[in-house]
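# A closer look at the structure
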Amino acid sequence: RIAVKVRVQPDGSLMAIFADGPVRTIRGLEEPLGLRLVIDGATCILPHEIDPSELRSDVTGKVVRYLQADGEGIVKGKPYVEVEAMKMIMQMPATESGNIVHRMSPGSIIKTGDLIANIKLADAGKVKVIE
């Protein structure tokens, strides 16, 4: 058991005062990808759902180009698309390995949380169905 007192601050954040001494400042923001918590300056995102076969945007911008053709193999951690955000070109890394299926065409406007592509996973065991 943890004893804690919580106070709402004027800026909407929470001050958590723990019985064993530490005091933490907590801010929360609902975003398209999930809940963003900032605890004493450290950020943590709690996603709404995790589907390893979906490649979603974490920025607002525009799809510039895919780095692999539709149906080609992609490797976890390697870039699969270039997006333009705030006049900068950024490469987004694949979250898993498999074959890419494009869901947006180059030039498409994207916002945070939009589905850019799917992956036909090399290891289908990565998907866990919750019943």
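Use the structure listed above.
Computed from a prediction, not measured in an experiment: that's the story for all the values here.

### Section: the overall build of the chain
Scanning the chain from terminus to terminus reveals zero helices and 13 strands. Listed by position from the N terminus, the elements making up the chain come as β-β-β-β-β-β-β-β-β-β-β-β-β. Over its C-alpha trace the chain gives a radius of gyration of 19 Å, far above what one expects of a compact globule, namely 14 Å for 131 residues. Seen along its three principal axes, the alpha-carbon backbone of the chain occupies a region of about 55 × 40 × 25 Å. When each of the 131 residues of the chain is scored for burial, the buried share is 27%. A separation threshold of at least 6 residues defines the contact pool for the chain, and within that pool the share at least 24 residues apart is 42%. Roughly 8900 Å² of accessible area belongs to the chain as shown, and the carbon and sulfur atoms make up 56% of that amount. Looking at the chain, you have 17 positive and 17 negative side-chain charges, and the mean spots of the two groups are 4 Å apart.

### Observations regarding the sheet that holds strand 2 (residues 14-18)
Strand order in the open sheet formed by five strands is 1-2-3-4-5, with antiparallel pairing between adjacent strands. The open sheet has two edge strands with one neighbour each: strand 1 (4-8) and strand 5 (42-47). Strand-to-strand, the axes of this sheet are offset by a mean angle of 25°, without reference to chain direction. Relative to strand 3 (residues 23-31), strand 2 runs antiparallel, the two being bridged by four bridges. Within strand 3, the position partnered with Ile17 by the bridge is Val23.

### Some details on the environment of Ala85
By the element assignment, Ala85 lies in strand 9 (residues 79-85). When the C-alpha positions of Ala85 and Lys62 are compared, they lie 6.8 Å apart, and in sequence the two are 23 residues distant.

### With respect to a nonpolar patch on the surface
The grouping of Ile2, Val4, Val6, Val8 and Leu14 at the surface amounts to a nonpolar patch, some 470 Å² of accessible area in total. Take the nonpolar patch: its biggest share by element is three residues, from strand 1.

### Some points on the pairing of strand 4 (residues 34-39)
Direction of pairing for strand 3 relative to strand 4: antiparallel, over a ladder of six bridges. Note on strand 4: the bridge partner recorded for Glu30 is Leu35. Between strand 3 and strand 4, which follow one another and run antiparallel, lie two residues. Where strand 4 lies against strand 5, six bridges are found, and the strand directions are antiparallel. In the strand pairing of strand 5, Ile39 is matched with Ala42. Connecting the antiparallel pair strand 4 and strand 5 is a turn made up of two residues, with Asp40 showing a positive phi of about 50°.

### Comments concerning unusual backbone geometry
One non-glycine residue, Asp40, lies in the positive phi region at around 50°. As for its placement among the helices and strands, Asp40 is situated in the loop between strand 4 and strand 5. Despite not being glycine, Lys87 has its phi angle at roughly 65°, a positive value. Within the secondary structure layout, Lys87 lies in the loop between strand 9 and strand 10 (88-93).

### Details of the environment of Gly107
Locating Gly107 in the fold gives a position in the loop between strand 11 (98-102) and strand 12 (109-110). C-alpha separation for the pair Gly107 and Ile39, spaced 68 residues apart in sequence, amounts to 37 Å. Gly107 has contacts with Lys62 and Val63, leaving out every residue within four places of it along the chain.

### Focus: the environment of Pro106
Note that Pro106 resides in the loop between strand 11 and strand 12. Apart from residues lying up to four places away in sequence, Pro106 is in contact with Val63, Val64, Arg65 and Tyr66.

Conventions and cut-offs
- Residues numbered from 1 in each chain as written.
- Predicted model: local features only at pLDDT ≥ 70, side-chain atom pairs only at ≥ 80, totals over all residues.
- Heavy atoms only, no water.
- Helix = DSSP H or I, 4+ residues; strand = E, 2+ residues; numbered from the N terminus.
- Rg over C-alpha atoms; globule rule 2.2 N^0.38 Å.
- Buried < 20%, exposed > 50% of the residue type's maximum accessible area, 1.4 Å probe, protein only.
- Contact = heavy atoms within 4.5 Å.
- Areas by Shrake-Rupley, 256 points an atom, 1.4 Å probe, with all protein chains shown as cover.
- Lys, Arg positive; Asp, Glu negative; His and termini not counted.
- Charge placed at Lys NZ, Arg CZ, Asp CG, Glu CD.
- Pairing = 2+ DSSP bridges.
- Axes fitted to C-alpha atoms, helices over the stretch in contact; angles between N-to-C directions.
- Patch = residues over 30% accessible without salt bridge, like charges linked within 9 Å, V, L, I, M, F, W, Y side chains within 5 Å.
- Salt bridge = Lys/Arg side-chain N within 4 Å of Asp/Glu carboxyl O.

The analysis is restricted to geometry; functional conclusions fall outside its scope.
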